Amino acid sequence: MGATRPNYDRKAVRNFLRDSAVMWLEDFRVDGLRLDGTNFVRSRWGDVRDPAHHIAAGDRYLAALTSDLRSRQPWKLLVAEDMQDDPAVTRSPHEGGLGFHSQWDARFVHGVRAALEAVDDAGRDVRAVAAAVLGQGGPLHERVVYTESHDEVANGRARVPEQIMPGRADSWHSRTRSALGLVLTLTAPGIPMLFQGQDVLEDGWFTDTHPVDWAKAHHRAGFLHLVRQLVRLRRDASGTTRGLRGRHTQVLRADDGILAYHRWDRGGPGDDVVVVVNLTTHPRRDLRLGLPGGGRWRVRCNTDAPTYGPGLGSVHAHDTDTEPRPWDGRADSALVSVGPYAALILSQD
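**Some details on helix H4 (residues 106-117)**
Step number 1: Under the 1.5 Å per step criterion, the end-to-end length of H4 is 16 Å for 12 residues, consistent within 8% with the ideal 16 Å.
Step number 2: Counting buried residues along H4, 9 of its 12 residues qualify, which places the element largely inside the surrounding structure.
Step number 3: Listing the buried residues of H4 in full gives Ala 106, Phe 108, Val 109, Gly 111, Val 112, Arg 113, Ala 115, Leu 116 and Glu 117.
Step number 4: Residues of H4 that are buried sit in contact with strand S3 (102-104), helix H5 (126-134), strand S4 (143-145), helix H6 (160-164) and helix H7 (172-187).
Step number 5: Among the residues of H4, the N-terminal cap falls to Asp 105, whose side-chain oxygen and the backbone nitrogen of Arg 107 are separated by 3.0 Å.

Structure below.
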């Protein structure tokens, strides 16, 4: 920012910036706003933990801005790209906070991408991915989870499939591990964010001069079909996965390359959801897993299914029935099979 930072102490500056935000919300009727680099509004070098570079006027400006916008249209979403994991960002201005509804979760994107992009399985930290999924345990709407953004795919970085195998976004490794990133994004607690073209494995940098190559929606139709299915499950379109929008998350297992976690709201059939992620290149057959309830668990999505692209289908993931056999701290358990670099989403009718 340097010398180009606005003088937030000047009323004319604050009013100009506020009026610009109001224009987008009221005149153009956008659903909400993401404010870029709010940490640089609050700190000279972007590190809000360093009091020597704190900009108090920036804090006051952001708090006043969100208060004004929320008073006009309280249903509009205000998101901060602060990247500091600072709870003050979503705290009410009446409590000394900045008043945003949500903020980008830097720990999620960095923890998940490190696992997806590791060259070999030994470099994938399953516990770090579990921690990224769980987050800080605050209200669900207060964090935005993602694996790609305008920053993550530029500034010396690339999109997930390109990072995995440069120039080979169509490769099996790029497709399967990119799919795992989308599963984690769309099943973790928080607000999921997909970047433009991510649903068709776009591998190009984000620029304002080259549009997304939407022809890839045809060439990579299987992957696009998977993304649509994941979105439907996240939205509970069939009434079988309400827990993916629920308040609760518990990790069932995070070891030996397997991450399994339970999502639920009130619990029970149609609500309880179990996500099983295999972060290794080895298929896991008849893996015993503790489940939150007895009875039949149905496979709602198997990212290794042949319908989602070539080279898939190495493991048949089937519905499974529990046994009264304690496992993973649960009274009931069942056997599940999950393919290499694949994920399952299970729930009950």
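**A word on the sheet that holds strand S11 (residues 320-321)**
Step number 1: Read from one edge to the other, the open sheet built from 6 strands follows the order S6-S7-S8-S13-S10-S11, with strand pairing classed as antiparallel. With one partner strand each, in any of the chains shown, strand S6 (248-255) and S11 form the two edges of the open sheet.
Step number 2: Across 5 bridges, strand S8 (residues 273-278) lies against strand S13 (residues 343-347) in antiparallel orientation. Residue pairing across strands places Val 276 opposite Leu 344, the latter belonging to S13.
Step number 3: Relative to S6, H5 is tilted by about 175°, and along the sheet it contacts S6 and strand S7 (258-264).
Step number 4: Across the sheet, helix H9 (residues 221-234) touches S7, strand S10 (296-302) and S13, and the angle it forms with S10 is around 135°.

**A few points about the nonpolar core**
Step number 1: Residues Phe 108, Leu 180, Leu 184, Leu 230, Leu 259, Val 277 and Cys 301 are the most contacted members of the largest nonpolar core, which totals 40 residues.
Step number 2: Elements represented by at least two residues in this core include exactly H4, H5, H6, H7, H9, S7, S8 and S13.
Step number 3: Considering each element in turn, this core owes the most residues, 6 residues, to H7.
Step number 4: When sequence neighbours within four positions are dropped, the list of residues in contact with Leu 230 reads Leu 182, Val 183, Leu 186, Cys 301 and Ile 345.

**Brief notes about the pattern of salt bridges**
Side chains that differ in sign of charge can pair as their charged atoms come close.
Step number 1: Inspection of the entire model under this criterion finds 30 salt bridges.
Step number 2: The residue Arg 34 makes a salt bridge to Asp 36 at a minimum N-O spacing of 3.1 Å.
Step number 3: Using a relative accessible area of 35% as the deciding quantity, one classes Arg 34 as partly exposed.
Step number 4: Shared partners join several salt bridges into a network, and the residues in it are Arg 42, Asp 59, Asp 82 and Asp 86.

**Focus on the side chain of Asp 265**
Step number 1: Among the secondary structure elements, Asp 265 is positioned in the loop between S7 and S8.
Step number 2: Side-chain polar atoms of Asp 265 contact the side chain of Arg 266, separated by 3.4 Å.
Step number 3: Excluding anything up to four places from it in sequence, Asp 265 contacts Arg 242, Gly 243, Gly 246, Arg 247, His 248 and Asp 271.

**Things to note about the sheet that holds S3**
Strand pairing within a sheet occurs via backbone hydrogen bonds; the two strands may be parallel or antiparallel.
Step number 1: The strand order S1-S2-S3-S4-S5 describes an open sheet built from 5 strands, whose pairing is parallel. Among the strands making up the open sheet, the edge pair consists of strand S1 (32-35) and strand S5 (191-192).
Step number 2: Where S4 and S5 come together, 2 bridges link them in parallel fashion. Paired with Val 144 across the two strands is Ile 191, which belongs to S5.

**Let's talk about the pairing of S6**
One face of the sheet, then the other: side chains in a regular strand alternate in exactly this way.
Step number 1: Pairing of S6 with S7 involves 7 bridges; the strand directions are antiparallel. In the strand pairing of S7, His 248 is matched with Trp 264.
Step number 2: Where S6 hands over to S7, the hairpin turn is made up of 2 residues, of which Asp 256 adopts a positive phi near 55°.

Quick notes on the rules
- Note on numbering: residues in each chain are counted from 1, in written sequence order.
- pLDDT decides what is reported in this predicted model: residues at 70 or higher carry local features, side-chain atom pairs at 80 or more are listed and counted, and totals for whole chains, interfaces and linings draw on all residues regardless.
- Water and hydrogen atoms play no part in the side-chain values, which are based on all heavy atoms of the structure.
- Numbering goes from the N terminus for both helices and strands, where a helix is a DSSP run of H or I of at least four residues and a strand is a run of E of at least two.
- To estimate how far a helix should reach, multiply one less than its number of residues by 1.5 Å.
- Think of it in three bands: with a 1.4 Å probe and only protein chains considered, a residue is buried below 20% of the maximum accessible area for its type, exposed above 50%, and partly exposed in between.
- Between two residues, a contact is recorded if the distance between any of their heavy atoms is within 4.5 Å.
- By the criterion applied in these results, polar contacts are pairs of N or O atoms within 3.5 Å in which, for protein atoms, one can donate a hydrogen and the other can accept it, and in which residues neighboring in sequence qualify only through two side-chain atoms.
- Being paired, for any two strands, means DSSP has found at least two bridges between them.
- Simply put, an axis is a line fit to the C-alpha atoms, just over the touching stretch for a helix, and the angle between two N-to-C directions goes from 0 to 180 degrees.
- Residues grouped as a nonpolar core are buried Ala, Val, Leu, Ile, Met, Phe, Trp, Tyr and Cys residues, joined through side-chain atoms within 4.5 Å.
- For this analysis, a salt bridge means a side-chain nitrogen from Lys or Arg found within 4 Å of a carboxyl oxygen belonging to Asp or Glu.

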